[in-house]
Amino acid sequence: MQKVLGLTELEYAFLFTLRKVNSINLEGFKQFFNELPLDPYIKGNYRFRRLSRFTVSRDYLIKLPHGYLFQSKEYNPLVGDVKREFAELDDALIEVDIFKNLVLAFSDSCKLHPEAEIGVHQIRTICSPDNLGNPAPEGIHQDGTDFIGIFSVDRYNIQGGETHLYTAKKEKPVFSKILNPGELLLVNDHEFFHFTTPIKPLTDAQGTRDVFVLTSPSLLSE
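Residues numbered from 1 in each chain as written. Predicted model: local features only at pLDDT ≥ 70, side-chain atom pairs only at ≥ 80, totals over all residues. Heavy atoms only, no water.

Peer 1: What am I meant to see in the pattern of salt bridges here?
Peer 2: Oppositely charged side chains may form a pair once their charged atoms are brought near each other. The tally for this structure, following the rule as stated, stands at nine salt bridges. One salt bridge connects Glu88 with Lys63, and the closest N-O pair in it is separated by 2.7 Å. You can see Glu88 sitting in the loop between strand E4 (68–69) and helix H2 (91–95) and its partner Lys63 sitting in strand E3 (residues 60–63), a full 25 residues away along the chain. Here Glu183 and Lys177 are joined by a salt bridge, their closest N and O atoms 2.8 Å apart. The class of Glu183 is buried, set by a relative accessible area of 14%. The exposure class assigned to Lys177 is partly exposed, which follows from its relative accessible area of 22%. When salt bridges that share partners are traced, they join Glu27, Lys30 and Asp154 into one network. (Salt bridge = Lys/Arg side-chain N within 4 Å of Asp/Glu carboxyl O. Helix = DSSP H or I, 4+ residues; strand = E, 2+ residues; numbered from the N terminus. Buried < 20%, exposed > 50% of the residue type's maximum accessible area, 1.4 Å probe, protein only.)

Peer 1: Looking at this structure, how should I read empty space enclosed by the protein?
Peer 2: Rolled over the atoms, a probe with the dimensions of a water molecule shows which regions are left empty. The tally for this structure, following the rule as stated, stands at two cavities of 30 Å³ or more. Lining the largest cavity we find 23 residues, and of these Ile123, Pro135, Glu138, His141 and Val213 sit closest to its centre. Breaking the lining of the largest cavity down by element, the ones donating at least two residues are strand E2 (47–57), strand E5 (118–127), strand E11 (193–196) and strand E13 (207–216). A total of four residues in the lining of the largest cavity trace back to one element, the largest contributor, which is E13. Per-class residue counts for the lining of the largest cavity are nine nonpolar, eight polar and six charged. There is about 30 Å³ of room inside the second largest cavity. As for the second largest cavity, its lining consists of Phe32, Glu35, Arg50, Asp90, Leu93 and Gln122. (1 Å grid on protein atoms, 1.4 Å probe; cavity = no way out; pocket = protein on both sides within 12 Å on 5 of 7 lines; lining within 4 Å. Points joined across faces, edges and corners; volume = space filled by probe spheres on them. Nonpolar A, V, L, I, M, F, W, Y, C, P; charged D, E, K, R; others polar.)

Peer 1: I keep staring at helix H3 (residues 97–110) and nothing clicks. Help me out?
Peer 2: Side chains three or four residues apart in an α-helix point the same way, a direct result of the helix having 3.6 residues per turn. Taking 1.5 Å as the rise per residue, H3 with 14 residues should run 20 Å; its terminal C-alpha atoms sit 20 Å apart, in good agreement. Inspection of H3 places Ile98, Phe99, Leu102, Val103, Leu104, Ala105, Phe106, Ser107, Ser109 and Cys110 among the buried residues, and these make up the whole buried set. Two residues or fewer past H3, Lys111 is found with a positive phi of approximately 55°. (Expected span 1.5 Å × (residues − 1).)

Peer 1: Just to check I follow, could you spell out the packing of aromatic side chains for this structure?
Peer 2: Describing an aromatic ring pair means giving the distance of the ring centres and the angle of the ring planes. One pass over the structure, following the stated rule, counts eight aromatic pairs. Plain terms: the ring middles of Tyr41 and Phe86 are 5.4 Å apart, the flat faces sit at 70° to each other, and that makes the pair edge-to-face. Taken together, the residues Tyr41 in the loop between helix H1 (27–33) and E2 and Phe86 in the loop between E4 and H2 connect sequence positions 45 residues apart. Assessed through its relative accessible area of 27%, Tyr41 is described here as partly exposed. Among the aromatic residues, ring-to-ring pairing joins Phe29, Phe33, Phe54, Phe99, Phe151 and Phe212 into one connected group. The ring of Phe86 carries Arg49 above its face, with NZ or CZ at 4.8 Å from the centroid. (Phe/Tyr/Trp six-rings, centres within 6.5 Å; stacked < 30°, edge-to-face > 60°. Lys NZ or Arg CZ within 6 Å of the ring centre and 35° of its normal.)

Peer 1: I tried to follow the sheet that holds E11 on my own but got confused; where do I start?
Peer 2: Hydrogen bonding along the main chain pairs the strands of a sheet, whether they run parallel or antiparallel. In space, the three strands of this open sheet follow the order E9-E8-E11, with antiparallel pairing throughout. For this open sheet the edge positions go to strand E9 (175–178) and E11, each flanked by a neighbour on one side alone. The average angle at which neighbouring strand axes cross in this sheet is 15°, direction not considered. Sheet analysis places strand E8 (residues 162–166) next to E9, joined by four bridges and oriented antiparallel. Residue pairing in the sheet places His164 in a bridge with Ser176 of E9. (Pairing = 2+ DSSP bridges. Axes fitted to C-alpha atoms, helices over the stretch in contact; angles between N-to-C directions.)

Listed below in structure tokens is the structure:
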């Protein structure tokens, strides 16, 4: 794990780290990605999304009230300054142990305060022979939070989707990797910009990329 000294505003001032979460059986997630509603804020009908927020109390998750996602145009030039609302995560998903294990892995790795809010975005990006899927349509960006976790659930019939980290938008990436299923990339959002390249199918069939993106703070407001 790479660390940085002298950052007093964060309790755990790491730069980024990649880990494999062995306590999660990915098969248990896949059914919940088949029922995601379309993200209405992105043109092209290639992204599907749900979003909820939580706090962690010991080994329990506490689901917080529904809220809207808001980022300024400084962080999201594509849909910044827009109050975005998404359907909540499926209650059945929240109740399975593998979901709790994922959120706890993020919270423990970032050494979050017990009252810290965690936003969990469940996202599917699709592609076809005629249309690329763009996991990051806003381009190279920061989210405007403290910590980000990108957890890869599944890659089906796709190429591309490589995640990059940058110290500045016009610099070369300092990290470039396709996140394989089961891998969790943790990023200090104050220190890095991030981006994921478009995906396209390996064959003439549709391809999909399924991830959970976790943030703290959640960026949600009531």
